[in-house]
Amino acid sequence: MMPNMRDALRGMTRRITVQVIKQKIVDREAVQDPRDLMRCSIVLVPMPPRKISIKPEGQRTWKWWEGTSSVKLEIGWYLKPDKDGKKLYEVMEDSDLSQARVYAYQFAEAPR
C-alpha cells in the first residue's frame, strides 16, 4: 500500500493574490500609473540554496523566491500581496513556459 502523499508538500508552496505595480519613467523619475493596476495569483516557493549560490555576490543575501503565474509579467514590475501589504516582490528574471500556459519567475523580496 502506498503512503498518503497528498499533504507531503503542504506549506512548501503558497498561492497568493497580488497587485501588480507597473512603473514608467517620466522626466527621469519612476512613476506609477494607477490605471495600470492589475491583480493575479502566483505560487511562491523559496529558491533553493544552490541557485542562490550562483547569484552575484551582493545579491546572495536577498530573500529569493521562485514563482509561477498564468499572467505574463515584466522584469522590474513589483508585486504587492493583498494580505501582507508590507512586502514587495520585484520580478528579477523570467522563463517562458507559455507552451504549458504558465510563466516562471524569480522574485527578490524588495526592501521597504
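Here, every reference points to the structure presented above.
This write-up is about the structure you can find in this document.

**A short note on the overall build of the protein**
Here comes step 1: Along the backbone of the protein there are 1 helix and 8 strands.
Here comes step 2: The N-to-C order of helical and strand elements in the protein reads β-β-β-β-α-β-β-β-β.
Here comes step 3: Buried residues in the protein amount to 30% of all 112 residues.
Here comes step 4: Sequence-distant contacts, at least 24 apart, represent 53% of the contacts inside the protein between residues at least 6 apart.
Here comes step 5: Carbon and sulfur atoms provide 52% of the accessible area of the protein, an area that totals close to 8300 Å².

**Topic: the nonpolar core**
Here comes step 1: Counting residues in each nonpolar core, the largest one holds 15 residues, and the members touching the most others are I42, L44, L73, L79, Y89, V91 and F107.
Here comes step 2: Of all elements in the fold, only β1 (14-21), β4 (38-46), β7 (88-97) and β8 (102-110) reach the threshold of two or more residues within this core.

**A word on the packing of aromatic side chains**
Here comes step 1: All chains considered together, the criterion is met by 3 aromatic pairs.
Here comes step 2: When the centroid spacing of 6.2 Å and the interplanar angle of 85 degrees are considered together, the rings of W65 and Y89 count as edge-to-face. Within this pair, whereas W65 is found in strand β5 (residues 64-69), its partner Y89 is found in strand β7, the two being separated by 24 residues in sequence.
Here comes step 3: Aromatic side chains Y105 and F107 sit 5.9 Å apart centroid to centroid with 45 degrees between the ring planes, which places their arrangement in the tilted category.
Here comes step 4: Take F107: its relative accessible area is 0%, and that puts it in the buried class.
Here comes step 5: The ring centre of W64 lies 4.3 Å from the NZ or CZ of K55, which sits over that ring.

**What to know about the pattern of salt bridges**
Here comes step 1: Applying the stated criterion across every chain, the model contains 3 salt bridges.
Here comes step 2: Two residues, K55 and E93, come together in a salt bridge whose shortest N-O distance is 3.8 Å. Placement of K55 in the loop between α1 (49-52) and β5 and of E93 in strand β7 is noted, with a sequence separation of 38 residues between them.
Here comes step 3: Under the relative-accessibility criterion, K55 is labelled buried at 10%.
Here comes step 4: Note on E93: relative accessible area 36%, which makes it partly exposed.

**Digging into the side chain of K55**
Here comes step 1: A distance of 2.5 Å separates polar atoms of two side chains, one belonging to K55 and the other to Q106.
Here comes step 2: Once residues within four sequence positions are removed from consideration, K55 is found in contact with M47, R60, W64, E93 and Q106.

**Some words on the environment of L88**
Here comes step 1: On the secondary structure map, L88 appears in strand β7.
Here comes step 2: On a C-alpha basis, the gap between L88 and A110 in space is 5.3 Å, while along the polypeptide they are 22 residues apart.

**As for the environment of K51**
Here comes step 1: Secondary-structure assignment places K51 in helix α1.
Here comes step 2: Residues K51 and W64 lie 13 residues apart in sequence; the distance between their C-alpha atoms is 9.5 Å.

Reading the values: the criteria
The residue numbering used here restarts from 1 in each chain and proceeds along that chain's sequence as written. This being a predicted model, a pLDDT of at least 70 is required before a residue's local features are given, and a value of 80 or more before pairs of side-chain atoms are given or counted; all residues contribute to the totals for chains, interfaces and linings. The side-chain quantities take in all heavy atoms of the structure and omit both hydrogens and water. The way it works is that DSSP assigns letters per residue, a run of H or I at least four long becomes a helix, a run of E at least two long becomes a strand, and they are numbered from the N terminus. Only protein chains enter the accessibility calculation, which uses a 1.4 Å probe. A residue is then buried if its area is under 20% of the maximum for its type, exposed if over 50%, and partly exposed in between. In what follows, a contact means two residues having at least one pair of non-hydrogen atoms within 4.5 Å. We get accessible surface area from the Shrake-Rupley algorithm with a probe of 1.4 Å; when it comes to residues, only the shown protein chains can shield them. For our purposes a nonpolar core is just a set of buried Ala, Val, Leu, Ile, Met, Phe, Trp, Tyr and Cys residues, chained together by side-chain atoms within 4.5 Å. To pair, rings of Phe, Tyr and Trp, with the six-membered ring standing in for Trp, must have centres within 6.5 Å; the planes then decide the type, stacked if under 30 degrees apart, edge-to-face if over 60, and tilted in the middle. Charge over a ring is defined by NZ of Lys or CZ of Arg lying within 6 Å of the ring centre and within 35 degrees of the ring normal. Throughout this description, the term salt bridge denotes a Lys or Arg side-chain nitrogen within 4 Å of a carboxyl oxygen of Asp or Glu. Any pair of nitrogen or oxygen atoms within 3.5 Å is treated as a polar contact; in protein, a donor-acceptor pairing is required on top of that, and neighbouring residues in sequence qualify only through side-chain atoms on both sides.

Keep in mind these values describe shape, not function.
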